[in-house]
There are 2 protein chains.
Amino acid sequence: MRILVTGASGFVGRHTIGHLAAAGHEVIAAGRLHSIEHPGIRWINDDLIQPTVAARIGATVRPDILLHLAWTVEAGKFWTDPDNLDWVAASLSLARACAEKGAQRICMVGSCYEYQWPADGLCREATTPSGSHTLYDVAKDSVRRVLEKYAAQIGISVAWARLFNLYGPFEDPNRLVASVAQALLAGRPAAVSSGKAIRDYMDIRDTGAALAALTTSDVSGIINVATGEDVSVADIVREIADLAGRPDLVRFGALPDRDEPLRIVADVDRLRNELKCPAPQKSRRENLADALSFWREASRPVAPTYVHEIP
Amino acid sequence: MRILVTGASGFVGRHTIGHLAAAGHEVIAAGRLHSIEHPGIRWINDDLIQPTVAARIGATVRPDILLHLAWTVEAGKFWTDPDNLDWVAASLSLARACAEKGAQRICMVGSCYEYQWPADGLCREATTPSGSHTLYDVAKDSVRRVLEKYAAQIGISVAWARLFNLYGPFEDPNRLVASVAQALLAGRPAAVSSGKAIRDYMDIRDTGAALAALTTSDVSGIINVATGEDVSVADIVREIADLAGRPDLVRFGALPDRDEPLRIVADVDRLRNELKCPAPQKSRRENLADALSFWREASRPVAPTYVHEIP
């Protein structure tokens, strides 16, 4: 299969494309940088936020499958970024161009923020309605609704992965695990919230493997890509501090808690039973140790030589 | 005020811009043709469906208010037209460009199809949820949701008019009143459905006046622009046939009924009490007589000399 992956050099994309190439697919990777070099991956560097560019790439590549990951993702900014409007435009232009040139399947990603917060904190694909928290989630959910209607009309399949909390190699340095790891490794205090929030934290390497599996499957509709396991932010932070040997540097309560529910966790029934994605092999402690190693390596003067492990 | 009106040569736009110009506003009218010529109206002819063009027009015109009417509207085709995707893109690009250049208000139009059909057939802005009938209404509703979130964030106002059934001068010849009028005037049989459907039929001249009032008001959110009055399709057709003197040519049941609820009518409380839009002055019979005159004139070999009456 020829698979066009956008956002391929981003946090999610770089952990996904290797699996697709290793499975023998022809991967056309569109992104701002090159991430993995592999004989099965051809890179396109272009400014995909422009609808005309997105449409041109779709029409030129003519993929069998589109995995569209590109979007505005800068931590702290993406919730309200007006670029969300342009990404709605570019995403729909890209989808139409690919579909009209023969694509039979389109996969895109959103997040748990598209859910109206359920009273019990468990987000279920079929029964938890869409919410309206920020411009980001409204924009994402709008793309999904239009895309699903369009796809049903022309007879192609659409999968919409909802990601929850992520961590691991190449995480944005302003996000939780990366920022705590970097602070502790540098011997600086790590300012965090109260840590009471219960979330669903997935290692990005597992996310990449699951998304690659989803892309080439025939599972359609909304599907949570997450662990299904409760963990408090405090437990995550304590575990990093323990692994780094610096529990003394953690400052719980130094940052305000977000105005969000105590618990936001994924129902992963579809992931396990329809996509047949196994539970992660490594423990959370092993994953956090790997993340810490990555940030230790990244803090050295020489560029890190991270190798994407692809089974 | 400088007001940018897109779709200004269309069925709705041509009946709206005259009111804005007559009220002393500077109207920049974007459309495929010129409709009204007036000293207060400057025309731009361009292909607004392209997001880059839409963004450029918004940024160049720098309107105080945007009234965006352009969309794919070809009768029978627009429900499923893939151009709905491009109109989502172009509409959001246009809105962003105008807002970033200082627009303080954005008005757009959708239709009754954005409502989930209510059990009693009365569509209420605040309480009837959005539905998902066709690509057209999902696309329109998605633009509204993104636009409202974006506008709230940057502090500008948005009004979203929902139109119901329309008729009058310059109607698409494939729609109900125009097609029946043309058939009867030509002495041909007029094929119609059973006619049992109860709808809300508004004269387009009243729609134009109401939209012009809405554009320069500070009413925000969803607002039905309709009559609030029940009328059966059969009664509309019988009245045209009576006015044309050809009841013998009407063929009820010659076309299938649409798979739609028996009754779809607007709650017009907001229109009357917030926008202070009075009930139409002319009776339906007078309006239908005017429509019939328009089509009689239009069928003559010489081009019609219709004059847009602006109070």
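Right above here is the structure, for reference.
The structure presented is a predicted model; accordingly, all values stated were derived computationally and were not measured. (Residues numbered from 1 in each chain as written. Chains lettered and ligands numbered in written order. Predicted model: local features only at pLDDT ≥ 70, side-chain atom pairs only at ≥ 80, totals over all residues. Heavy atoms only, no water.)

Chemist: What is the right way to read the state of the cysteines from this model?
Modeler: Think of a disulfide as a covalent bridge from one cysteine sulfur atom to another cysteine sulfur atom. Residues and elements named next belong to chain B. The tally for this structure, following the rule as stated, stands at zero disulfides over all chains. With no disulfide of its own, Cys123 lies 6.3 Å from the sulfur of Cys112, the closest cysteine sulfur. For Cys123, a relative accessible area of 0% corresponds to the buried category. For Cys277, which is in no disulfide, the shortest distance to another cysteine sulfur is to Cys107 and amounts to 13 Å. (Disulfide = S-S within 2.5 Å. Buried < 20%, exposed > 50% of the residue type's maximum accessible area, 1.4 Å probe, protein only.)

Chemist: Help me out: how do you make sense of the nonpolar core in this one?
Modeler: As a rule of thumb, soluble globular proteins bury nonpolar side chains together. In terms of nonpolar packing, the biggest core is built from 166 residues, with Leu4, Val5 and Ile17 of chain A together with Leu4 and Val5 of chain B touching the most fellow members. In contact with Leu4 of chain A, not counting residues within four places along its chain, are Ile28, Ala30, Ile57, Gly58, Val61, Pro63, Ile65, Leu66, Leu67, Leu94 and Cys98 of chain A. Of all hydrophobic cores here, the second largest spans 24 residues; its members include Val180, Val192, Ile240 and Leu292 of chain A. (Core = buried A, V, L, I, M, F, W, Y, C linked by side-chain atoms within 4.5 Å. Contact = heavy atoms within 4.5 Å.)

Chemist: Sorry, what's going on with the relation of the copies chain B and chain A here?
Modeler: Taken together, a rotation about one axis and a shift along it account for how the two chain copies relate. Between the two copies, chain B and chain A, the superposition gives an RMSD of 0.0 Å; the rotation angle is 180 degrees and the shift along the axis is 0.0 Å. Given the turn and translation reported, the copies of this chain are related as if by a two-fold rotation axis. Every residue of chain B has its C-alpha some distance from the rotation axis, and the shortest such distance is that of Ala89 of chain B, at 1.9 Å. When the interface residues of chain B are mapped onto chain A, 100% of them again lie at the interface, so the same face is used by both copies. (Least-squares fit on C-alpha atoms with pLDDT ≥ 70 in both.)

Chemist: Can you help me understand empty space enclosed by the protein in this one?
Modeler: One water molecule sets the probe size; rolling that probe over the atoms shows where empty space is left. Residue and element names in this part refer to chain B. What the rule picks out here adds up to one cavity of 30 Å³ or more. Space inside the largest cavity adds up to approximately 60 Å³. Lining the largest cavity are Arg14, His15, Gly18, His19, Ile36, Arg205, Tyr306, His308, Glu309 and Ile310. The residue makeup of the lining of the largest cavity, split by class, is three nonpolar, four polar and three charged. (1 Å grid on protein atoms, 1.4 Å probe; cavity = no way out; pocket = protein on both sides within 12 Å on 5 of 7 lines; lining within 4 Å. Points joined across faces, edges and corners; volume = space filled by probe spheres on them. Nonpolar A, V, L, I, M, F, W, Y, C, P; charged D, E, K, R; others polar.)

Chemist: Just checking my understanding: could you explain the pattern of salt bridges for this structure?
Modeler: Charged atoms that come close allow side chains of opposite charge to pair. All names here are of chain B. One pass over the full model with this rule turns up 50 salt bridges over all chains. Glu297 is the partner of Arg300 in a salt bridge, and the nearest nitrogen-oxygen pair spans 3.4 Å. Given a relative accessible area of 46%, Arg300 falls into the partly exposed group. Classification of Glu297 by relative accessible area gives partly exposed; the value is 28%. (Salt bridge = Lys/Arg side-chain N within 4 Å of Asp/Glu carboxyl O.)

Chemist: What am I meant to see in the sheet that holds strand β1 (residues 2–6) of chain B here?
Modeler: Hydrogen bonds between backbone atoms are what pair the strands of a sheet, whose relative direction is either parallel or antiparallel. All names here are of chain B. Read from one edge of the open sheet, seven strands run β3-β2-β1-β4-β5-β7-β12, paired in parallel fashion. Each edge of the open sheet carries a strand with a single partner, namely β3 (41–44) and β12 (221–225). Along the sheet, successive strands turn relative to each other by an average axial angle of 20 degrees, direction set aside. Along the sheet, helix α3 (residues 83–100) makes contact with β1, β4 (65–68) and β5 (105–111), crossing β4 at roughly 170 degrees. (Pairing = 2+ DSSP bridges. Helix = DSSP H or I, 4+ residues; strand = E, 2+ residues; numbered from the N terminus. Axes fitted to C-alpha atoms, helices over the stretch in contact; angles between N-to-C directions.)

Chemist: Where do I start with the interface of chain B and chain A in this structure?
Modeler: Interface size is often expressed as the accessible area that is lost when the parts come together. Taken residue by residue, the interface counts 28 residues in chain B and 28 residues in chain A. For the pair chain B and chain A, the summed buried area comes to about 2,500 Å², and 61% of that belongs to carbon and sulfur atoms. At the junction of chain B and chain A, the tally comes to six salt bridges. Linking Arg145 of chain B and Asp141 of chain A is a salt bridge whose minimum nitrogen-to-oxygen distance equals 3.4 Å. For the pair chain B and chain A, the number of links is 14 residue pairs in polar contact (both at pLDDT 80 or more). Among the elements of the structure, α2 (51–61), α3 and α4 (135–154) of chain B are those that each provide at least two residues to the side of chain B that touches chain A. Considering each element in turn, the side of chain B that touches chain A owes the most residues, 10 residues, to α4 of chain B. Along the lines of polarity and charge, the residues of the side of chain B that touches chain A split into 12 nonpolar, nine polar and seven charged. (Buried area = accessible area lost by both parts, 1.4 Å probe. Polar contact = N/O pair within 3.5 Å; in protein donor to acceptor, adjacent residues only side chain to side chain.)

Chemist: Where do I start with the sheet that holds strand β12 (residues 221–225) of chain A in this structure?
Modeler: Residues and elements named next belong to chain A. Sheet architecture is open: seven strands sit in the order β3-β2-β1-β4-β5-β7-β12, paired in parallel fashion. Every other strand in the sheet has two partners, leaving β3 (41–44) and β12 as the edge strands with one partner each. When the angles between neighbouring strand axes are averaged without regard to direction, this sheet yields 20 degrees. Where strand β2 (residues 26–30) meets β3, four bridges bridge the pair, whose relative direction is parallel. Pairing of Ala30 across the sheet is with Ile44, part of β3. Across the sheet, helix α3 (residues 83–100) is in contact with β1 (2–6), β4 (65–68) and β5 (105–111); its angle to β4 comes to roughly 170 degrees. Helix-sheet contacts for helix α4 (residues 135–154) involve β5, β7 (157–163) and β12, and the interaxial angle to β7 is about 160 degrees.

Chemist: Quick question: what am I supposed to make of the pairing of β1 of chain B here?
Modeler: In regular strands, side chains alternate between the two faces of the sheet. All names here are of chain B. Buried residues dominate β1, accounting for four of its five residues. Bridging between β1 and strand β2 (residues 26–30) involves five bridges; their strand directions are parallel. Following the sheet pairing, Thr6 is matched in β2 by Ala30. In this fold, the crossover linking β1 to β2 by way of helix α1 (residues 17–22) has right-handed handedness. By the bridge criterion, four bridges tie β1 to β4 in an arrangement that is parallel. Across the sheet, the residue bridging to Thr6 is His68, located in β4. (Right-handed = clockwise from strand over helix to strand, strands pointing away.)

Chemist: What is the right way to look at unusual backbone geometry in this model?
Modeler: Leave glycine aside and you will find that most residues have negative phi; peptide bonds, for their part, are mostly trans. One non-glycine residue, Lys276 of chain A, lies in positive phi territory at about 60 degrees. Along the chain, the position of Lys276 of chain A falls in the loop between α8 (269–274) and α9 (284–298). Judged by relative accessible area, Lys276 of chain A falls into the exposed class, the value being 62%. Non-glycine residue Phe170 of chain B carries a positive phi angle of around 75 degrees. Positionally, Phe170 of chain B belongs in the loop between β8 (165–167) and α5 (176–185).

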